Amino acid sequence: MAEVVSPAGILPHIPDNLTLAQFILDAEHVRKPVRKSGAWIVDDQSGRKIGLEELRARTYGLANALSIRYNIQEDDVVFDLQSKSF
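Computed from a predicted model, the values in this text were never measured in an experiment.

Brief notes about the overall build of the chain
Line of reasoning, step 1. Scanning the chain from N- to C-terminus turns up two helices and two strands.
Line of reasoning, step 2. Overall, the chain shows an N-to-C arrangement of helices and strands of α-β-β-α.
Line of reasoning, step 3. Across the 86 residues of the chain, 6% fall into the buried class.
Line of reasoning, step 4. Of the contacts made within the chain by residues no fewer than 6 positions apart, 25% connect residues no fewer than 24 positions apart.
Line of reasoning, step 5. When the accessible surface of the chain is summed, it comes to about 8000 Å², and 56% of that surface belongs to carbon and sulfur atoms.

Structure below.
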């Protein structure tokens, strides 16, 4: 894992054993805002509010659909930011 240096000082640990969806939707982190309830996303045109449970369900639904369509299995790497070939 790359070392991250900040002029602000020591940064909190960033977990590297979670997916992005797990980190945003489920994980506890010292820098993550605490949301008890309410909207996570608001549609600009309609004003429709989307909460955590719907966001989580849609995220995991998308992951399942991509898994089925492209035969992505657990622990498969689909994009490697450290790769020099992209």
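What about unusual backbone geometry?
Line of reasoning, step 1. Notably, asparagine 71 is not glycine yet its phi reads approximately 55°, a positive angle.
Line of reasoning, step 2. Inspection of the secondary structure assignment puts asparagine 71 in the segment after helix H2 (52-70).
Line of reasoning, step 3. Classification of asparagine 71 as exposed rests on a relative accessible area of 54%.

A word on the pattern of salt bridges
Pairs may arise between side chains of opposite charge once their charged atoms sit close together.
Line of reasoning, step 1. Within this structure, the stated rule accounts for four salt bridges.
Line of reasoning, step 2. Here the salt bridges share partners, and the residues they tie into one network are Asp26, Glu53 and Arg56.

Details of the confidence of the model for the chain
Line of reasoning, step 1. Summarising the model, the chain shows a mean pLDDT of 83, and 90% of its residues fall at 70 or more.
Line of reasoning, step 2. For the chain, per-element mean pLDDT is lowest for helix H1 (residues 20-25), which scores 84, and highest for strand E2 (residues 49-50), which scores 94.

Considering H2
Within an α-helix, residues lying three or four positions from one another point in the same direction, as the helix has 3.6 residues per turn.
Line of reasoning, step 1. With 19 residues, H2 extends 27 Å from end C-alpha to end C-alpha; this agrees with the ideal 27 Å at 1.5 Å per step.
Line of reasoning, step 2. Looking at the residues trailing H2, positive phi occurs at asparagine 71, about 55°.

Considerations on a nonpolar patch on the surface
Line of reasoning, step 1. On the surface, a nonpolar cluster with roughly 320 Å² of combined accessible area is contributed by Leu62, Leu66 and Tyr70.
Line of reasoning, step 2. Locating leucine 66 in the fold gives a position in helix H2.

Parameters at a glance
- Residues numbered from 1 in each chain as written.
- Predicted model: local features only at pLDDT ≥ 70, side-chain atom pairs only at ≥ 80, totals over all residues.
- Heavy atoms only, no water.
- Helix = DSSP H or I, 4+ residues; strand = E, 2+ residues; numbered from the N terminus.
- Buried < 20%, exposed > 50% of the residue type's maximum accessible area, 1.4 Å probe, protein only.
- Contact = heavy atoms within 4.5 Å.
- Areas by Shrake-Rupley, 256 points an atom, 1.4 Å probe, with all protein chains shown as cover.
- Salt bridge = Lys/Arg side-chain N within 4 Å of Asp/Glu carboxyl O.
- pLDDT = per-residue confidence, 0-100.
- Expected span 1.5 Å × (residues − 1).
- Patch = residues over 30% accessible without salt bridge, like charges linked within 9 Å, V, L, I, M, F, W, Y side chains within 5 Å.

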